[in-house]
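Listed below are the residues making up each chain.
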Amino acid sequence: MNRPSLMLSRGVARVTEAALGPYQSAVVRIGFAGTWLLFLLREFPHRQELYGPSGPWGWNLARQLTADNHAFTALLWSDGQLWFECFYTLAVLASAALLLGWRTRTASVLFMVGVLSLQNRSVFVGDGGDNVLHLMALYLVFTRCGQVWSLDARRAAQEEAARARGERVPADRVGPVLWAVLGAALGTVTLTGRFDNGWLVPALLWTVWAGLGLWWAVGRRAAWEQPRILLDVVANILHNGALVVIMAEACLIYATAGWYKIQGSRWQDGTAVYYPLHLDYFSPWPALADLMSSSGTIMMIVAYGTVMVQIAFPFTLLNRRAKNILLVLMMTEHAVIAVVLGLPFFSLAMITADAVFLPTSFLRRLGDLAARARGRLARRAGRTVPGPRSPEEGAADRVGFTA
């Protein structure tokens, strides 16, 4: 076999045999689910004004807009107050479930439905961070983001340990019940004609539901080894493809932002950063903003540095050391934006998008530190907790029915 053919076969094997980037996908899952959950909880007192049927952007106005742009939102299935309150609660619970990694596959789908429904209900209350979250919620559905740092992974580890000891592992009852309930709800929505604004989201929901059922059916029969391998390969390909799309999306965001900034006269003369610091809407700490903007040199360095970092970042992916340095700079910049400009959720969304490029070794060390801290807290409370598990110890997505 010649060298190109050997490299191609190794590449195909790498893409199909394993879901790559388990720690990176887990960070993306935790980051975006946590960001959306914090936003929903913070805006809970204002939920009526933002997304309610009697808010400033009324139910009829939203209905007219979605009829034109064919955007999906379950909040327009009814203009009743009870439906709105139930759906908002469901969005909170789905975000919490995805954050913890409980029934990750189903939680990722419900998380996507919650994000799309709320954001498309009132399209004029979002910012750039909401756009990123909107896209990432779609991509997460295709990832196997529960391999590590999740309740699914913990349950899979416990089942594997029980099998190693020769114990009988009880059949999963929660997964099939959840699958049946969601199937009934999906069928009811379809038969009543609620999916009237396009076919993409309904097709995705039905495909995921059918795929989960097929995965469970194949997993129950020990003789169906080849179908299990085929489903595992398909899942790995989808995961790895989605992870590449997430990385490409992050690069595209920074590249386009940087090139658009170059065309602006305020960025060219180095004064662009000065003006947002003196807007009341973006000045939660006026004294801090005044301190930062007191030096024209600092403002110019920040403006030019921002443009250079954003344009250069996609090209630094070819050099690991340069990429890591720019990652630190960009995350630091977003942290400063969160504090100085009062945009915490935008910054959290962008930091999470950046985290997909973090080195695996760093994320493992971070996980070990968190596990040791949790162990110390557990010992103080007089109980023990299992240690961290790696993807090599058995991915949760490959064990049983984890709907």
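The residue count restarts for each chain, going from 1 along the sequence in the order it is written. Predicted model: local features are reported for residues with pLDDT of at least 70 only, side-chain atom pairs are reported and counted for 80 or more only, and whole-chain, interface and lining totals are derived from all residues. Side-chain metrics rest on all non-hydrogen atoms present in the structure, leaving aside hydrogens and water.

1. Quick look at the packing of aromatic side chains
- Classification of ring pairs rests on two measures: the distance between centres of Phe, Tyr or Trp rings, Trp counted by its six-membered ring, which must be within 6.5 Å, and the angle between planes, read as stacked under 30 degrees, edge-to-face over 60 and tilted in between. Tallied over the entire structure, the rule returns 17 aromatic pairs.
- Taking 5.4 Å as the distance between ring centres and 20° as the angle between the ring planes, the aromatic pair formed by Trp 36 and Phe 39 counts as stacked. Of this pair, Trp 36 and Phe 39 are both found in helix H2 (residues 22-42), three residues apart, which corresponds to roughly one turn of the helix.
- Only protein chains enter the calculation, and the probe is 1.4 Å; a residue is then buried if its accessible area is under 20% of its type maximum, exposed if over 50%, and partly exposed in between. Overall, the relative accessible area of 13% leaves Phe 39 in the buried class. In this description a helix means any DSSP run of H or I spanning at least four residues, a strand means any run of E spanning at least two, and both kinds are numbered starting from the N terminus.

2. Digging into the confidence of the model for the chain
- For every residue, the pLDDT score states the predictor's confidence, bounded by 0 at the bottom and 100 at the top. Counting all residues, the mean pLDDT for the chain is 89, and 94% of those residues have values of 70 or more.
- Contacts are assigned to residue pairs with any non-hydrogen atoms lying within 4.5 Å of each other. Below a pLDDT of 50 lies the segment residues 387-403, which in the model reaches 68 contacts outside its immediate sequence neighbourhood of four places, other chains included.

3. Thoughts on the side chain of Asn 240
- In this structure, Asn 240 sits in helix H11 (residues 225-262).
- With a relative accessible area of 6%, Asn 240 lands in the buried category.
- Apart from the residues lying within four places of it in its own chain, the contact partners of Asn 240 are Arg 14, Val 15, Ala 18, Ala 19 and Leu 20.

4. Side note on the packing of helix H7 (residues 128-140) against helix H16 (residues 344-355)
- As a rule, the C-alpha atoms of each element are fitted with a line to give its axis, helices using only the stretch in contact, and angles between N-to-C directions run from 0 to 180 degrees. At a minimum axis distance of 8 Å, the contact between H7 and H16 shows a crossing angle of 45°. Comparing their axes, H16 and H7 come out oblique. Of the two possible hands of crossing, H7 and H16 adopt the one that is left-handed. Contacts between H7 and H16 involve Gly 128, Gly 129 and Val 132 from the first element and Phe 346, Ala 349, Met 350 and Ala 353 from the second. An angle below 35 degrees is treated as roughly parallel, one above 145 as roughly antiparallel, one from 65 to 115 as roughly perpendicular, and anything else as oblique. Crossings are classed by handedness, with left-handed meaning an anticlockwise turn of the near helix from the far one by less than a right angle and right-handed meaning a clockwise turn.

5. Regarding the side chain of Lys 261
- In this structure, Lys 261 sits in helix H11.
- In this count, Lys and Arg are taken as positive residues and Asp and Glu as negative ones, while His and the chain termini are left out. When a carboxyl oxygen of Asp or Glu lies within 4 Å of a side-chain nitrogen of Lys or Arg, that pair is called a salt bridge. For the buried residue Lys 261, which engages in no salt bridge, the nearest side chain bearing the opposite charge is Glu 333, 6.9 Å off.
- Beyond its immediate stretch of four places on either side in the chain, Lys 261 contacts Trp 267, Thr 306, Val 307 and Gln 310.

6. Digging into the layout of surface pockets
- Grid spacing is 1 Å over the protein atoms alone, the probe is 1.4 Å, and a cavity is where that probe fits but cannot get out, while a pocket is an open set with protein on both sides within 12 Å along at least five of seven lines and lining residues have an atom within 4 Å of a point. Grid points are joined across faces, edges and corners, and a volume is the space filled by probe spheres set on the points. What the largest pocket holds in volume is close to 880 Å³.
- In this structure, the largest pocket is lined by 32 residues; those nearest its centre are Thr 306, Glu 333, Ile 337, Leu 341 and Phe 346.
- Listed by contribution, the elements that provide at least two residues to the lining of the largest pocket are H11, helix H14 (296-316), helix H15 (320-340) and H16.
- No other element matches H15, which puts eight residues into the lining of the largest pocket.

7. Some words on a positive patch on the surface
- By definition, no residue in a patch forms a salt bridge, and every one has over 30% relative accessible area; like charges are joined within 9 Å, nonpolar side chains (Val, Leu, Ile, Met, Phe, Trp, Tyr) within 5 Å. Method for areas: the Shrake-Rupley scheme with a 1.4 Å probe, in which residue coverage is limited to the protein chains shown. The atom standing in for a charge is NZ when the residue is Lys, CZ when it is Arg, CG when it is Asp and CD when it is Glu. A cluster of basic residues, Arg 372, Arg 376, Arg 379 and Arg 380, forms a positive patch at the surface.
- For Arg 380, the position within the fold is in helix H17 (residues 360-380).
- Classification of Arg 380 as exposed rests on a relative accessible area of 71%.

8. Description of H17
- Here H17 spans 30 Å end to end across 21 residues, near enough to the 30 Å set by a 1.5 Å rise per residue.
- For H17, the set of buried residues is Leu 363, Gly 367, Ala 371, Gly 375 and Ala 378. Buried residues of H17 fall within an arc of 115° about the axis and therefore sit on the same side. Those residues of H17 that are exposed and angled more than 90 degrees off the buried face are Leu 377 and Arg 380.
- Structurally, H17 contributes buried residues whose contacts are with H2.
- Looking one or two residues past H17, Gly 382 carries a phi angle of roughly 85°, positive in sign. To estimate how far a helix should extend, the number of its residues minus one is multiplied by 1.5 Å. To be clear, the arc concerns the directions from the helix axis to the C-beta atoms.

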